[in-house]
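# Survey of secondary and tertiary structure
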Amino acid sequence: MDTRVALATAPETLALAGRLLHEFNTAYDDPTPGADALATRLAELVAAGDTDVLLGDEHGVAVVRYRPSLWSAADEAYLAELWVDPSVRRTGLGRALLRAALERARERGCDLLDLATSEDDPEARSLYESEGLHATEGAGGPTTFHYEIDL
């Protein structure tokens, strides 16, 4: 794993991750329960064993969630969040976080990692595609779409 990236498990590192995720949502005018609530939730998820939180220095965060696969005995990984503070973008930190997330998923024995990003984020899409991810159902397949609804 890139030396700039570390697994967050201690309360102080999860607090930093909570702050970064809060800043992420605030930057895009998305709702957030606040940094402290996010840190508490991250601690619960990490303790349950189905979530990894990766910190990139003190300026980036990635959250990987694991779930059983329907199609194989392996788990699948979902890159729930990946964010780098704008002040340090284009330094390779996002790439380091993405590679660390892929490495953790492989180490766990996952056979798939998926994620969602928006059409209006070409930098993120370029990063993901440059690391071999594709927005199609299988390599060369039809374009896939991510849908969601608040319940």
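Here, the structure is the one placed above.
Quick caveat: nothing in here was measured; it's all calculated off a predicted structure. Along each chain, residues carry numbers from 1 onward, in the same order as the chain's sequence is written. With pLDDT at 70 or above as the cut-off, local features in this predicted model cover only qualifying residues; side-chain atom pairs require 80 or more to be listed or tallied, and sums for whole chains, interfaces and linings still use all residues. Calculation of side-chain values draws on the structure's entire complement of heavy atoms; hydrogens and water are dropped beforehand.

## Here we look at the packing of aromatic side chains
- Each pair of aromatic rings taken from Phe, Tyr and Trp, with Trp reduced to its six-membered ring, is defined by centres within 6.5 Å and is described as stacked if the planes are under 30 degrees apart, edge-to-face if over 60, and tilted in the remaining cases. On inspection of all chains with the given rule, the structure shows three aromatic pairs.
- Here Phe-24 and Tyr-28 contribute two aromatic rings whose centre-to-centre distance is 5.7 Å and whose plane-to-plane angle is 90°, an arrangement assigned as edge-to-face.
- Ring geometry for Phe-145 against Tyr-147: centres 6.3 Å apart, planes inclined by 45°, an arrangement best described as tilted.
- The rule is simple: take the accessible area with a 1.4 Å probe, protein chains only, and divide by the maximum for that residue type; under 20% is buried, over 50% is exposed, in between is partly exposed. Using a relative accessible area of 62% as the deciding quantity, one classes Phe-145 as exposed.
- The class of Tyr-147 is exposed, set by a relative accessible area of 68%.

## A closer look at the pattern of salt bridges
- One side-chain nitrogen of Lys or Arg within 4 Å of one carboxyl oxygen of Asp or Glu is enough to make a salt bridge. In total, this model carries twelve salt bridges according to the counting rule given.
- Here Arg-41 and Glu-44 are joined by a salt bridge, their closest N and O atoms 3.0 Å apart. Residue Arg-41 and its partner Glu-44 are both found in helix α2 (residues 35–48); the two are separated by three residues, about one turn of the helix.
- Across the pair Arg-90 and Glu-123 runs a salt bridge, and its minimum N-O distance is 3.0 Å. You can see Arg-90 sitting in the loop between β4 (75–84) and α3 (93–107) and its partner Glu-123 sitting in helix α4 (residues 122–130), a full 33 residues away along the chain.
- A single salt-bridge network, built from bridges that share partners, covers Asp-52, Arg-104 and Glu-107. The way it works is that DSSP assigns letters per residue, a run of H or I at least four long becomes a helix, a run of E at least two long becomes a strand, and they are numbered from the N terminus.

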